[in-house]
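Close look at the chain arrangement
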Amino acid sequence: MIRTSLIKFLTCLFFNLSLFAQSDNEDKIKIIETYLNKATEAFGELHFDKSVEFSKKALIISFEIDDPLYIAQAYNSIGVVYDECSQTDKAIDFYEKALHYAKKVNNNKLNNWIYGNLGSVYYFNQIDVEKGIDFYKKALYFAEKEKDSMQIEFTRMNIASAYFSLNKFKIGEDYIKDIKDKILKSGNDENKLSLYTLQGIYESTYNNPVEAEKNYFKALEIAQSNNYESMLINVYENMIRHYKKYKNKKLEDLYRAKYNELKEKVYSEEKLENIDKTAIEIQLDEQRVQLEKIESESVLNRQKVRESKLVVIMFVVIVIILLLFLLVLYKNIKTREKLNDELRDTNEKLKIAKEKAEEASQLKTQFVSTITHELRTPLYGVVGITNIIVDEHKELGSSPHLKSLKFSAKYLLSLVNDILQISKIEERKIVLENLIFNLPDEVSTIINSVEYIAEKNNNKLIVEIDTEIPEFLIGDKLRLSQIIMNLVSNALKFTKDGQVIVSCDLDRIEGTKHFIQFKVKDNGVGIAKENQEKIFEKFVQIERKEEDYQGTGLGLSIVSSLVELFGSKIHLESEENIGTTFSFTIPFEHDEKKSQEIINNIDVDLSEDNVYKILVVEDNKINQMVTKKIIQTNNMECTIVDDGYAALVALDREVFDIILMDINMPLINGFDTTKRIRERGIEIPIIALTAFDKHEVTDEAFNSGMNDVIVKPFEPSKLFQVIMNQIHKKKSDS
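For the rest of this paragraph, the subject is the overall build of the protein chain. Each helix and strand in the protein chain was counted, giving 27 helices and twelve strands. With 734 residues in all, the protein chain has 45% of them scored as buried. About 40,000 Å² of surface is accessible on the protein chain, with carbon and sulfur atoms providing 51% of the total.

Next up on the list: the sheet that holds strand 11 (residues 686-690). Spatial ordering of the open sheet is given by 9-8-10-11-12, a layout of five strands whose pairing is parallel. Looking at the sheet topology across the chains shown, the edges are occupied by strand 9 (637-641) and strand 12 (708-711). Averaged over all pairs of adjacent strands, the angle between their axes in this sheet comes to 20°, without regard to strand direction. Both strand 8 (residues 613-617) and strand 9 contribute to a ladder of five bridges, which runs parallel. Pairing of Val616 across the sheet is with Ile640, part of strand 9. In the packing of helix 24 (residues 644-653) onto the sheet, the strands contacted are strand 8, strand 9 and strand 10 (658-662), and the crossing angle to strand 8 comes to about 155°. In the packing of helix 26 (residues 694-704) onto the sheet, contacts are made with strand 11 and strand 12, and the angle to strand 12 comes to roughly 155°.

An α-helical turn contains 3.6 residues, so any two residues separated by three or four positions project in the same direction. Among the eleven residues that make up helix 21 (residues 555-565), eight are buried, leaving the element largely enclosed by the rest of the structure. Gly555, Leu556, Ser557, Ile558, Val559, Ser560, Leu562 and Val563 are the residues of helix 21 that are buried. Looking one or two residues beyond helix 21, the residue adopting positive phi is Gly567, at roughly 80°.

A few words on the packing of aromatic side chains. What describes a pair of aromatic rings is the distance from one ring centre to the other and the angle between the planes of the rings. Across all of its chains, the model carries 23 aromatic pairs by this definition. Ring centres of Tyr141 and Phe142 lie 5.1 Å apart, and the angle between their planes is 75°; on these two criteria the pair is classed as edge-to-face. Connected via pairs of aromatic rings, a cluster forms that spans Phe63, Tyr75, Tyr82, Phe94 and Tyr101. The cationic tip of Lys170 hangs over the ring face of Tyr206; the distance from NZ or CZ to the ring centre is 4.5 Å. When the ring centre of Phe656 is taken as origin, the NZ or CZ atom of Lys613, which lies over that ring, is 5.6 Å away.

Turning our attention to the nonpolar core. Core analysis: the biggest nonpolar cluster contains 39 residues, and Ile32, Tyr75, Ile114 and Leu118 have the highest contact counts within it. Among the secondary structure elements, those contributing two or more residues to this core are helix 2 (26-44), helix 3 (48-64), helix 4 (68-84), helix 5 (88-105), helix 6 (108-124) and helix 7 (129-146). Per element, the largest residue contribution to this core is ten residues, and it comes from helix 4. Beyond its immediate sequence surroundings of up to four residues, Ile114 is in contact with Asn76, Tyr95, Ala98, Leu99 and Ala102.

Before going further, it helps to spend a moment on the packing of helix 11 (residues 189-205) against helix 12 (residues 209-226). At a minimum axis separation of 8 Å, helix 11 and helix 12 run at an interaxial angle of 155°. When the axes of helix 11 and helix 12 are compared, the pair comes out roughly antiparallel. In the packing of helix 11 onto helix 12, the handedness of the crossing is left-handed. Across the interface between the two elements, Asp189, Lys192, Leu193, Tyr196, Thr197, Gln199, Gly200, Ile201, Glu203 and Ser204 of helix 11 pack against Glu211, Ala212, Asn215, Tyr216, Lys218, Ala219, Ile222, Ala223 and Asn226 of helix 12. Residues that form the contact of helix 11 with helix 12 fall into these classes: eight nonpolar, six polar and five charged.

Scanning all chains against the criterion turns up 23 salt bridges. We note a salt bridge from Lys177 to Asp174, for which the minimum N-O separation is 3.4 Å. A salt bridge links Lys613 to Glu654, with the shortest nitrogen-to-oxygen separation between them at 2.9 Å. Of this pair, Lys613 sits in strand 8 while Glu654 sits in the loop between helix 24 and strand 10, and the two are 41 residues apart along the sequence. Judged by relative accessible area, which is 32%, Glu654 ranks as partly exposed. Each of the salt bridges in this network shares a partner with another, and the network as a whole consists of Lys250, Asp507, Arg508 and Glu510.

Right, let's talk about the packing of helix 3 against helix 4 for a bit. At a closest axis distance of 8 Å, the pairing of helix 3 and helix 4 adopts a crossing angle of 160°. The angle between helix 3 and helix 4 places the two elements in the roughly antiparallel class. Like other packed secondary-structure pairs, helix 3 and helix 4 cross with a definite hand, here left-handed. Residues Phe48, Ser51, Val52, Ser55, Leu59, Ser62 and Phe63 of helix 3 touch helix 4, and the partners they reach there are Tyr70, Ile71, Ala74, Tyr75, Ser77, Ile78, Val81 and Glu84.

Another aspect to go through is a nonpolar patch on the surface. Among the surface-exposed residues, Val312, Phe315, Val316, Val319, Ile320, Leu323, Leu324, Phe325, Leu326, Leu327, Leu329 and Ile333 lie close enough to one another that they form a single nonpolar patch of about 1,100 Å² accessible area. In this structure, Phe325 sits in helix 16 (residues 311-392).

Further remarks concern unusual backbone geometry. Backbone geometry places Asn167, a non-glycine residue, at a positive phi of 65°. One non-glycine residue, Asn458, lies in the positive phi region at around 55°. Position of Asn458 among the secondary structure elements: in the loop between helix 19 (451-456) and strand 2 (460-465).

Residue-level pLDDT values for the protein chain average 80, and 76% of them are 70 or greater. At the level of individual helices and strands, the protein chain shows its lowest average pLDDT in helix 1 (residues 4-13), which scores 38, and its highest in strand 5 (residues 513-522), which scores 95. Confidence over residues 1-23 falls short of pLDDT 50; this stretch has 64 contacts with residues more than four positions distant or in other chains. In the model, residues 602-606 has pLDDT below 50 throughout and makes five contacts with residues more than four positions away in sequence or in other chains.

What follows is about the side chain of Lys712. Within the secondary structure, Lys712 sits in the loop between strand 12 and helix 27 (716-733). Within the structure, the side chain of Lys712 is placed 3.1 Å from the side chain of Glu618, a separation counted as a polar contact.

This part is about helix 7. Its 18 residues give helix 7 an end-to-end C-alpha distance of 26 Å, which sits within 8% of 26 Å, the value for a rise of 1.5 Å per residue. All of the buried residues in helix 7 are Val129, Gly132, Ile133, Phe135, Tyr136, Ala139, Leu140, Phe142 and Ala143. Here helix 7 starts with a cap whose side-chain oxygen sits 3.3 Å from the backbone nitrogen of Glu130, and that cap is Asp128. Following helix 7 by one or two positions, Lys147 adopts a phi angle in the positive range, close to 60°.

Rules used throughout
Residues numbered from 1 in each chain as written. Predicted model: local features only at pLDDT ≥ 70, side-chain atom pairs only at ≥ 80, totals over all residues. Heavy atoms only, no water. Helix = DSSP H or I, 4+ residues; strand = E, 2+ residues; numbered from the N terminus. Buried < 20%, exposed > 50% of the residue type's maximum accessible area, 1.4 Å probe, protein only. Areas by Shrake-Rupley, 256 points an atom, 1.4 Å probe, with all protein chains shown as cover. Pairing = 2+ DSSP bridges. Axes fitted to C-alpha atoms, helices over the stretch in contact; angles between N-to-C directions. Contact = heavy atoms within 4.5 Å. Phe/Tyr/Trp six-rings, centres within 6.5 Å; stacked < 30°, edge-to-face > 60°. Lys NZ or Arg CZ within 6 Å of the ring centre and 35° of its normal. Core = buried A, V, L, I, M, F, W, Y, C linked by side-chain atoms within 4.5 Å. Parallel < 35°, antiparallel > 145°, perpendicular 65-115°, else oblique. Left-handed = near helix turned anticlockwise from the far one by under 90°. Nonpolar A, V, L, I, M, F, W, Y, C, P; charged D, E, K, R; others polar. Salt bridge = Lys/Arg side-chain N within 4 Å of Asp/Glu carboxyl O. Patch = residues over 30% accessible without salt bridge, like charges linked within 9 Å, V, L, I, M, F, W, Y side chains within 5 Å. pLDDT = per-residue confidence, 0-100. Polar contact = N/O pair within 3.5 Å; in protein donor to acceptor, adjacent residues only side chain to side chain. Expected span 1.5 Å × (residues − 1).

This is how it looks when you write it as structure tokens:
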């Protein structure tokens, strides 16, 4: 149904009848028109109670001057508010009162609007569509009598829409075929959008899919360019039905996703108003009672003028009504005071609960940070010593024990990183980065890193990458790699003697955005239907009878959260003993000019023949040994000190090219040590070596005077890349 254009018509037009008013009470008419205009503004700002209040004031003065034109307008404006609040019975009641007074002035425009509003109440709320059509036809009669072309177009399209809802498409088409050309030539965008949508529905129904699509796309373009979100929802809904009818699953899913996303956005904004609307509806009921009293009092006042014998009775009645009103008001005040007290108590409890929740969240964050630091520190030693043993004893390079030791350390590190990742996602601390990358290279790196799992389970890894995908894309390649890595390693673990296919296809292009569809498909054990919802939950592992699969149950939860961070959603298709397919679509930017700028800024060769002197500030003896061995293996001189004070003494005696600074040290931490070094005017580059998460310490590190941060454990090549970057930067600044 095409509701948007009608509602806007109601809010914009029903208060502009003053041109037809002829009255001697010019001052009071100006006041009435002011109140009616204020009612319109309040309605547009969704202040429904204020809108009714202004309309009520206009109604009182309209009764005073006994002007049926303005009485009808006031009743019509009140009816619109009740209609918007979905109180259809009350809306119909006020529209009928408005119609009663409108008939007294014989005004075609006013009658057209009121009949149109009645038609909308019965049609859009599905009370009685046939009755709604009858009211629309009466509205059309007055629009044609007035020769108002815009009203004629609006009303004809509403009649056509109503007939379409009853599957009477031929009858509905008859109402719009004569106005199509005029709307398309000189109509406004809302009229055109409504017409294109109706034509799309008609063509789709009568098996003309190509013509239907043309009309839907034209409607879509107008809705998007004008940001008509409510009407855009209607277009998406009809396109979903169209593609479902013609079995175009891909486009049906595409527009269903757009429909769900936009509908969620619109409805989430409406939900914020629900509490206010509930209160407003209560106030509207009170206003309705008052309005009925006003009308009764007006009738009694006129009778009092005509019949003087009833003056005393009228006075008594008014006094009684006022006393009852005061009594009701008193009770309302007492009730509100009681509710306010309860509300204050509830708010206080909520405040306490909120403070406790924030404290618990902070403690959790501190715990996760501490535990990851304490685990990474010994892991640095384990990984480093393993590498040292392999370097010093080449004959042990193929030792399964050393390989197992290194794998176990890396596996434990991945678990630590998973826990930290989940914590960051829950606290919404992850921000996507824009880096240039080559998709085939990234996928190849992932495949190489999981090759050992494939070999262990005798699986074949197949990679299929669409050649239409640009060479360079811009986006968060690290998060993408995490997603694909988790999915591929999962597929390999649950597949024996089979194959895992990783495919990347260009789905569509929108401007500079290239939407890439990723799929990870296996022919492994599959997932039972009843477990498919659970696997994306944290710490969930589906019970397996035949094998013992390791893991924390965090991988797929992280995957789902990261995909949502890209603004997408992961889809799962699986059948037991057949296989599983995970798929998702992510947009990446492709801009050749921007890509070239980034490539030009990348350091291609950081190799040097010079021997540099490096000062390592580290309190952990094992880590001292590991770091020293890594540095000396790369032909650099290394001096080790245990704390920050010893570092200051060493800097007084010698000149170093770079300083590697631990952060968490006794006596004086790395931040304070760095500040003291900078206070002495020493400009040697300082790189923080820490087991804390990088995002937790980066700001404080740079504020203290450090030049970069590396998280332990790290790859030696990464350390030397950062070292050479800082040395080159220092030379270029000198």
